[in-house]
Amino acid sequence: MKLILKEIRHRKFNFLMGLLGMVTIVALVVFFYTMTQATQKETIRLTRDMGFNVRIIPGETDINQFWVDGYSNLSMSEEVVDKLVKQKSVNYAHLTATLHKRIQWREKHIVLTGIASEEREPSGAKKSKMIFAIDTGKVYLGYEIAHQFNIKEGDVIDVLGNNFEVSKTLTESGSEDDVRMYFNLETLQSLVKMEGRVNEVMAINCMCSTKNGDPLGELRAELQKIAPEAEVIMKSSVADAREKQRKMTDKYFSYLFPIILIICALWLGSVTMTNVKERTPEIGVMRAIGFTSWKIGKQFFLRVLLIGFIGAVIGFAVGTLLSYQLGPNIFNVTKIYIEPNFELLIMSALIGPLFAALASVLPVLWAVNRDSAELLKE
């Protein structure tokens, strides 16, 4: 090791060039991997905010009526949610039981919507809620209802003979939601005398991809086994957008990673070859006094292993710093999703030296297999 350290001090520039190559590859890998993970998290959040893409409705629903009215005029037992959760299906997420009822209120047609206070997760994972929870005795008003009747938050309104405090007036959505009143599910069930009944379960399809390319078919087959009294309708445009966005975030790292490896491997190999040529007289002398090819090669490999280890540690720090400083500007990812991955530090410290050694194999083999007389002549 003393000999290696002396050689490094003697040829500082060559060592620093090798170290720079190793720092570069590890920093780039850490940067792009960290940004890929952050992008995936943000993509999940953004596509989740696109809304529910699966609607589970009573199986005997007239689809024409469903699309005209925007909801099924039939109902089913709320236990359908329990059945889905009990089967622990991973293909449905954010299960939210809802009940819709159209009424005439103050000479206007509006829709009453009851939303379950909790979203059920068949996978058992804890996830942030997609939709608001409404307290008992409270109501949320759509924009048009509040605007037309000049209703403010805190006002008390009468709905079907019961008083409710307006907890929130919603912003304009440009859809039927603007003429909708939102209640706690149990409150609305009691209000319209439909205890324990729902006419829709909203959900997200979390099947990122399917073997046969038919996620809707697989969801329907799965639901048929679990709850045959229900039917699945999928918003294909939303589901396709989720899938395309997910694939896009997965692809760029898989394309860049091999290119980074090849370029940096050539860099390290070139630095080692330069070092080998500079040390040709030394190699000739060592061969002449009896050093074996293994002992000579070991000097080079220990040197590149040292470069690999130091470069991996520094590269991890540089890559993580780049992720925080440049990542949000390049990938449009918020900093809250960027987290240092210390597993990468361990992997870098283990794999980095091995990669450096592999990149230097050919130059070292070329050096140790040359004839000593030829080396001394040079």
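These figures come from a predicted structure and were not determined experimentally. Numbers given for residues are sequential positions, taken from 1 along each chain in its written order. In keeping with the predicted nature of the model, local features appear solely for residues at pLDDT of at least 70, side-chain atom pairs appear and are counted solely at 80 or more, and the whole-chain, interface and lining totals rest on all residues. By convention in this description, side-chain values take in all heavy atoms of the structure and omit both hydrogens and water.

J.: Quick question: what am I supposed to make of the pattern of salt bridges here?
T.: If the charged atoms of two oppositely charged side chains come close together, the side chains can form a pair. Any Lys or Arg side-chain nitrogen found within 4 Å of a carboxyl oxygen on Asp or Glu counts as a salt bridge. Tallied over the full model, the rule gives seven salt bridges. Here E165 ties to K138 by a salt bridge, and the two come within 2.8 Å at their closest N and O atoms. Placement of E165 in strand β7 (residues 162-169) and of K138 in strand β5 (residues 138-141) is noted, with a sequence separation of 27 residues between them. Type-normalised accessible area, obtained with a 1.4 Å probe on protein chains alone, sets the label of each residue: buried when under 20%, exposed when over 50%, and partly exposed for intermediate values. According to the relative accessible area criterion, E165 is partly exposed, its value standing at 32%. A cluster of three or more residues bridged by salt bridges with shared partners is formed by R102, E176, D177 and R180. Numbered from the N terminus, helices here are DSSP runs of H or I no shorter than four residues, and strands are runs of E no shorter than two.

J.: What is the right way to read helix α12 (residues 342-359) from this model?
T.: Taking 1.5 Å per residue as the helical rise, α12 with its 18 residues ought to reach 26 Å, and the 25 Å between its terminal C-alpha atoms agrees with that figure. Remark: the principal bend of α12, roughly 30 degrees, maps to S348. Buried within α12 are the following residues: L344, S348, A349, G352, P353, F355, A356, A357 and A359. Polar contacts, as used here, are pairs of N or O atoms within 3.5 Å; protein pairs need one atom able to donate a hydrogen and one able to accept it. Residues neighboring in sequence count only if both atoms are side-chain atoms. For α12, the capping residue at the N-terminal end is N341, with a side-chain oxygen 3.1 Å from the backbone nitrogen of E343. Take the number of residues in a helix, subtract one, and multiply by 1.5 Å to get its expected span. To get the bend at any residue, fit one axis to the seven residues that end at it and another to the seven that begin at it, then take the angle between the two axes.

J.: Where do I start with unusual backbone geometry in this structure?
T.: Peptide bonds are, in most cases, trans, and in most cases residues other than glycine have a negative phi. Phi at E107 is positive, roughly 65 degrees, even though this residue is not glycine. Positionally, E107 belongs in the loop between β3 (92-105) and β4 (108-115). One non-glycine residue with positive phi stands out, namely N150, at about 50 degrees. As for its placement among the helices and strands, N150 is situated in the loop between α5 (143-148) and β6 (156-159).

J.: Would you mind showing me how to read the sheet that holds strand β1 (residues 54-58) here?
T.: Note on sheets: strands pair through backbone hydrogen bonds, and any given pair is parallel or antiparallel. Each pair of strands is called paired provided DSSP finds at least two bridges between the two strands. Taken in spatial order, the nine strands make up an open sheet running β6-β7-β5-β8-β4-β3-β10-β1-β11, and their pairing is mixed. Strands with a single pairing partner mark the edges of an open sheet, and in this sheet they are β6 and β11 (230-234). Ignoring strand direction, the axes of neighbouring strands in this sheet form an average angle of 35 degrees. As paired elements, β3 and β4 share eight bridges and run antiparallel to each other. The residue bridging L99 from the neighbouring strand is G114, located in β4. Of the strands in this sheet, β1, β3, β10 (200-205) and β11 touch helix α4 (residues 79-86), which is tilted by about 170 degrees from β3. Geometry is summarised by axes, namely lines fitted to C-alpha atoms with helices restricted to the contacting stretch, and by angles between N-to-C directions that run from 0 to 180 degrees. We call two residues contacting when some pair of their heavy atoms lies within 4.5 Å.

J.: Just to check I follow, could you spell out the packing of aromatic side chains for this structure?
T.: In this scheme Phe, Tyr and Trp rings, the latter by its six-membered ring, pair at centre separations within 6.5 Å, and the angle between planes marks the pair as stacked below 30 degrees, edge-to-face above 60, and tilted otherwise. Counting across every chain of the model gives five aromatic pairs. Taking the centre distance of 6.0 Å and the plane angle of 45 degrees together, the rings of F316 and F342 count as tilted. Pair noted here: F316 is in helix α10 (residues 293-325) and F342 is in helix α12, with a separation of 26 residues, a long-range link. For F316, a relative accessible area of 7% puts it in the buried group.

J.: Would you take a moment to explain the nonpolar core for this structure?
T.: Grouped burial of nonpolar side chains is what soluble globular proteins tend to show. For the purposes of this section, nonpolar cores are sets of buried Ala, Val, Leu, Ile, Met, Phe, Trp, Tyr and Cys residues that join through side-chain atoms within 4.5 Å. By size, the foremost hydrophobic cluster in this structure holds 43 residues, and its most contacted members are I56, Y92, V159 and M181. Counting residues per element, this core draws most heavily on β3, which supplies six residues. Leave out the neighbours within four places in its chain, and I56 touches M76, L84, Y92, L95, N199, E200, V201, L223, A230, E231 and V232. The next biggest cluster of nonpolar side chains, apart from the first, holds 25 residues, and it includes L19, I307, F355 and A359.

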